[in-house]
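# Geometric and topological summary
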Amino acid sequence: MDVRLWGAFLTAFAFCAVCGPFLIPFLRKLKFGQSIRDCGPKEHLKKTGTPTMGGLLIIAAILISTILWADFTPMMLVVLVLTVGHGVIGFIDDYIKVILKRNLGLTARQKFLMQFCLAGIYLLYVESTSNHDFLVQLPGSNTFFDLGLWYYPFALLLLVGTTNAVNLTDGLDGLVSFVTIPIALAYMLLAQWTGQSDLAIFALALAGACLGFLLFNHYPAKVFMGDTGSLAIGGGIAALALLTKTELLLVVIGIVYVLEALSVIIQVTYFRFSGGKRIFRMSPLHHHFELGGWHETKVVKVFSLISLLAACCGLLLFFVGRS
């Protein structure tokens, strides 16, 4: 295995491990404390004031590790722009919530507009790359669909959908990081298999950053990643799916993200058309199990195991489709 892969992983992990103890007191000193909404599980109220925007640590670790170990190609520039760009959107959202004391942060329209602009950067890259096709593979088969110009709205939907799905998953101590690590490792293998070693380096940098962040974010969390981290992670995962041409496979590998987002869509739709009734005790899905009596550590363990199994299933489907 390429030594650069382990270099990227260890660099990102070590950066978080070393810098975390300095960043957390700094965030606390700036009074970047998380506000907990009263409508959530009551157990979460004790987390009020925990430093947030810890995603800055994840972004910095990914950036430094990728720049050190990967070649600086147009493709890597796109990956980093999508990751850091979504992190900037998350930072603005967190800043409005924490500093300006507007608990809902950016409006949905503002956030979507910024995300569409970032998606446009990827589409410009596709347009400028002569060897990029508009084929999308059905997971587990040799069947390909040529989307033609429909690939553009498809890619836009995947980018926006993935980033928001990861953002919705971020609701329990360590949940996003634990769920993301097997997904990033799966994409490392996919990128290696398809000959995209720089993408594999980025995927391992992402996994290393998540593991390093868990040193401070596992239950009980000393710091939260905030939208700064969750949106950046979502942008990175979406970029990996698009550039490895495994767009539909992301639905399998990232099934936890999908279920979390679907639970919100189903809940909101049913509530609106049923006159105020609910299917879940609370959405996103992790809160449904919390309110059902599961401790949040149990929810994180179960969801992490599901993510690991889904990543393995996704890899199996990928190799079956290649056979």
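Residues numbered from 1 in each chain as written. Predicted model: local features only at pLDDT ≥ 70, side-chain atom pairs only at ≥ 80, totals over all residues. Heavy atoms only, no water.

- Per an unreviewed UniProt entry, the chain carries the name Phospho-N-acetylmuramoyl-pentapeptide-transferase and comes from Candidatus Avacidaminococcus intestinavium.
- According to UniProt, the comment filed for the chain under the heading Sequence similarities (unreviewed entry) is "Belongs to the glycosyltransferase 4 family. MraY subfamily."
- According to its UniProt record, the chain has this under Cofactor (unreviewed entry): "Mg(2+)". (UniProt positions renumbered as here; feature names shortened; annotations may be inferred.)

## Some details on the state of the cysteines
- If you walk through the whole model with that rule in mind, you get zero disulfides.
- Not engaged in a disulfide, the cysteine Cys16 finds its nearest cysteine sulfur in Cys19; these two sulfurs lie 7.8 Å apart.
- Given the relative accessible area of 0%, Cys16 is considered buried. (Disulfide = S-S within 2.5 Å. Buried < 20%, exposed > 50% of the residue type's maximum accessible area, 1.4 Å probe, protein only.)

## A closer look at the environment of Gly49
- Within the secondary structure, Gly49 is located in the loop between α1 (3-29) and α2 (55-69).
- Expressed as a C-alpha distance, the spacing of Gly49 and Gly212, which sit 163 residues apart in the sequence, is 22 Å. (Helix = DSSP H or I, 4+ residues; strand = E, 2+ residues; numbered from the N terminus.)

## Here's the deal with the UniProt feature "binding site: Mg(2+)" (unreviewed entry) in the chain
- According to UniProt, the feature "binding site: Mg(2+)" (unreviewed entry) maps to Asn167 and Asp227 in the numbering used here. Judged by maximum C-alpha separation, these annotated positions cover 61 residues in sequence but sit close together in space, the widest gap being only 6.4 Å.
- Of note, Asn167 is situated in helix α5 (residues 151-169).
- Setting aside residues up to four positions removed in sequence, Asn167 forms contacts with Lys111, Asp227, Ser230 and Leu231.
- Structurally, Asp227 can be placed in helix α8 (residues 226-243).
- According to the relative accessible area criterion, Asp227 is buried, its value standing at 7%.
- With near-sequence residues (within four places) excluded, Asp227 lies in contact with Gly90, Asp93, Asp94, Lys97, Lys111, Asn167 and Ala232. (Contact = heavy atoms within 4.5 Å.)

## Section: unusual backbone geometry
- In this chain, Tyr219 is followed by Pro220 through a cis amide linkage whose omega measures -10°.
- The peptide bond linking Ser283 to Pro284 adopts the cis configuration, its omega dihedral lying at 0°.
- Mapped onto the elements of the fold, Pro284 is located in the loop between α10 (255-273) and α11 (285-291).

## Looking at the environment of Leu185
- Mapped onto the elements of the fold, Leu185 is located in helix α6 (residues 175-193).
- On a C-alpha basis, the gap between Leu185 and Gly208 in space is 9.7 Å, while along the polypeptide they are 23 residues apart.
- Excluding residues within four positions of it along the chain, Leu185 makes contact with Leu204 and Ala207.

## Quick notes on the packing of α2 against helix α3 (residues 74-98)
- Packing of α2 against α3 brings their axes to within 11 Å, and their N-to-C directions diverge by 165°. Relative to α3, the element α2 is oriented roughly antiparallel. When you trace α2 past α3, the crossing you get is left-handed. Only Met76, Leu80, Val84, Gly87 and Phe91 of α3 make contact with α2, whose side of the interface consists of Leu56, Ile59, Leu63 and Thr66.
- In the contact of α2 with α3, the residues fall into seven nonpolar, two polar and no charged. (Axes fitted to C-alpha atoms, helices over the stretch in contact; angles between N-to-C directions. Parallel < 35°, antiparallel > 145°, perpendicular 65-115°, else oblique. Left-handed = near helix turned anticlockwise from the far one by under 90°. Nonpolar A, V, L, I, M, F, W, Y, C, P; charged D, E, K, R; others polar.)

## Here's the deal with the nonpolar core
- Ranked by size, the top nonpolar core spans 90 residues in total, and within it Tyr122, Tyr187, Leu199, Ile233, Ile237, Ile253 and Tyr257 carry the most contacts.
- At 14 residues, the largest contribution of residues to this core is made by helix α7 (residues 197-217). (Core = buried A, V, L, I, M, F, W, Y, C linked by side-chain atoms within 4.5 Å.)

## Quick notes on the pattern of salt bridges
- Following the criterion strictly, the structure yields seven salt bridges and no others.
- A salt bridge links Arg4 to Asp71; the shortest N-O distance between them is 4.0 Å. With a gap of 67 residues between them, Arg4 in helix α1 and Asp71 in the loop between α2 and α3 connect regions that are remote in the sequence.
- Given the relative accessible area of 45%, Asp71 is considered partly exposed.
- One salt bridge connects Asp227 with Lys97, and the closest N-O pair in it is separated by 3.0 Å. On the criterion of sequence distance, the pair formed by Asp227 in helix α8 and Lys97 in helix α3 is long-range, its members being 130 residues apart.
- Overlapping salt bridges bring together Asp93, Lys97, Lys111 and Asp227 as one network. (Salt bridge = Lys/Arg side-chain N within 4 Å of Asp/Glu carboxyl O.)

## A few points about the packing of aromatic side chains
- As enumerated under the stated definition, the model contains ten aromatic pairs in all.
- Each residue in the set Phe134, Tyr151, Tyr152 and Phe154 is aromatic and connected to the rest through ring pairs, giving one cluster.
- Over the aromatic face of Trp294 sits the side chain of Lys298, whose NZ or CZ is 4.5 Å from the ring centroid. (Phe/Tyr/Trp six-rings, centres within 6.5 Å; stacked < 30°, edge-to-face > 60°. Lys NZ or Arg CZ within 6 Å of the ring centre and 35° of its normal.)

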